[in-house]
Structure formats: C-alpha cells, structure tokens
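# Structural features, examined
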Amino acid sequence: QVQLVESGGGLVEAGGSLRLSCAASERTVSNYVMAWFRQAPGKEREFVARIWRTGSTDYADSVKGRFTISRDNAKNTVYLQLNNLQPEDTAVYYCAATSGMWPQRSTSSYAYWGQGTQVSVSS
C-alpha cells in the first residue's frame, strides 16, 4: 500500500510563503510520478504540479514561477514550495502518486492520495 501524508499547511498573508511536505511510504517518490493537486471550496480538484521519475517537473499555468515541486529520495519526501501566495491559492492541497507511465493532468490518473493539508491566504 502506498501511503502519503501531507504537512506544512497554514495561514499566511498574501505574498507569503509555505513549504508543503508529502511523506511517502517505501520508495514511492522515485518509483512513481508524484503530483500536487488542490481543491478550493466549491471547486473541483485541480492539478498544481508534477514531478516525473526522471526528476523533470511541470506546473499549472496559474502557479508557474511561484511554486516549485521537488523531492528528496533519501527522505522519500516530495515538497511543494509555495511563494508569493495569493488569496486564490487558498485550498486543501493534496499529494498524489501514480505508477502510470503517462499520467494526465487529472485526478483520474492518480490512484494514491494523501489526506490533504489546508493552505489559507489572507488579503
């Protein structure tokens, strides 16, 4: 079983930063494609960032240049650095993993999910 546990969420002012962590079981972060999604109240869960098995990354346009996904294979942990946070970034952030070779930017591509961590950004 793949287990993912997020942490690091909190309340920050606009322009502030947070670093989210996703602690994964076994060698998940290196053997799976890892991603971050977020879900705001009343909205569908949306793709935020992804890191491939090779270490390459890609981002949603809305966060490009502000967020950075990274991983530490030794710690089996994936991170999401959130900089210049804005109120519209307020959401529950979820870590996800898939063993698929070509996952899409959709929740349906990911079989494993954490419980989420709340990020709230005030004006």
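Structure's up top.
The following refers to the structure shown. Note that the structure is predicted; figures quoted are calculated from it, not measured.

What follows is about the sheet that holds strand E1 (residues 4-7). Spatial strand order, E1-E3-E8-E7: four strands in an open sheet with antiparallel pairing. This sheet does not close on itself; its edge strands, each paired only once, are E1 and strand E7 (67-72). Between one strand and the next, the sheet's axes are offset by a mean angle of 20 degrees, whatever the strand orientation. Pairing analysis gives four bridges linking E1 to strand E3 (residues 18-24), with the strands arranged antiparallel. Residue pairing for E3: Leu4 is matched across the bridge by Ala24.

Summed over the entire model, instances satisfying the criterion amount to six aromatic pairs. With centroids separated by 5.9 Å and ring planes inclined at 90 degrees, the aromatic side chains of Tyr32 and Tyr112 adopt a geometry described as edge-to-face. With Tyr32 in the loop between helix H1 (28-31) and strand E4 (33-39) and Tyr112 in strand E10 (residues 112-113), the pair connects residues that are 80 residues apart, well separated along the chain. Residue class for Tyr32 comes out buried when judged on its relative accessible area of 18%. Ring centres 6.4 Å apart and planes at 70 degrees place the aromatic pair Tyr110 and Trp113 in the edge-to-face group. For Tyr110, a relative accessible area of 4% corresponds to the buried category. One aromatic cluster in this structure is built from Phe37, Phe47, Tyr94, Tyr110 and Trp113. Positioned above the aromatic ring of Tyr94 is the side chain of Arg45, whose terminal nitrogen or guanidinium carbon lies 3.7 Å from the ring centre. Geometry around Trp113 places Arg45 over its ring, the cationic atom sitting 4.9 Å from the centre.

Parameters and conventions
- All residue numbers refer to position in the chain's written sequence, counted from 1.
- The predicted origin of the model limits local features to residues at a pLDDT of at least 70 and limits the giving and counting of side-chain atom pairs to 80 or more, whereas totals for whole chains, interfaces and linings rest on all residues.
- In computing side-chain values, all of the structure's heavy atoms are included and hydrogens and water are not.
- Any two strands between which DSSP finds at least two bridges are classified as paired.
- Counting from the N terminus, the helices are DSSP H or I runs at least four residues long and the strands are E runs at least two residues long.
- Between N-to-C directions, angles span 0 to 180 degrees; the directions come from axes that are lines fitted to C-alpha atoms, helices contributing only their stretch in contact.
- Pairing of aromatic rings covers Phe, Tyr and Trp, the last through its six-membered ring, and needs centres within 6.5 Å; plane angles under 30 degrees mean stacked, over 60 mean edge-to-face, and all others mean tilted.
- Remark: exposure states derive from per-residue accessible area (1.4 Å probe, protein chains only) relative to the maximum for the residue type, with buried under 20%, exposed over 50%, and partly exposed in between.
- Put simply, a charge is over a ring when the Lys NZ or the Arg CZ is close to the ring centre, within 6 Å, and near the line of the ring normal, within 35 degrees.

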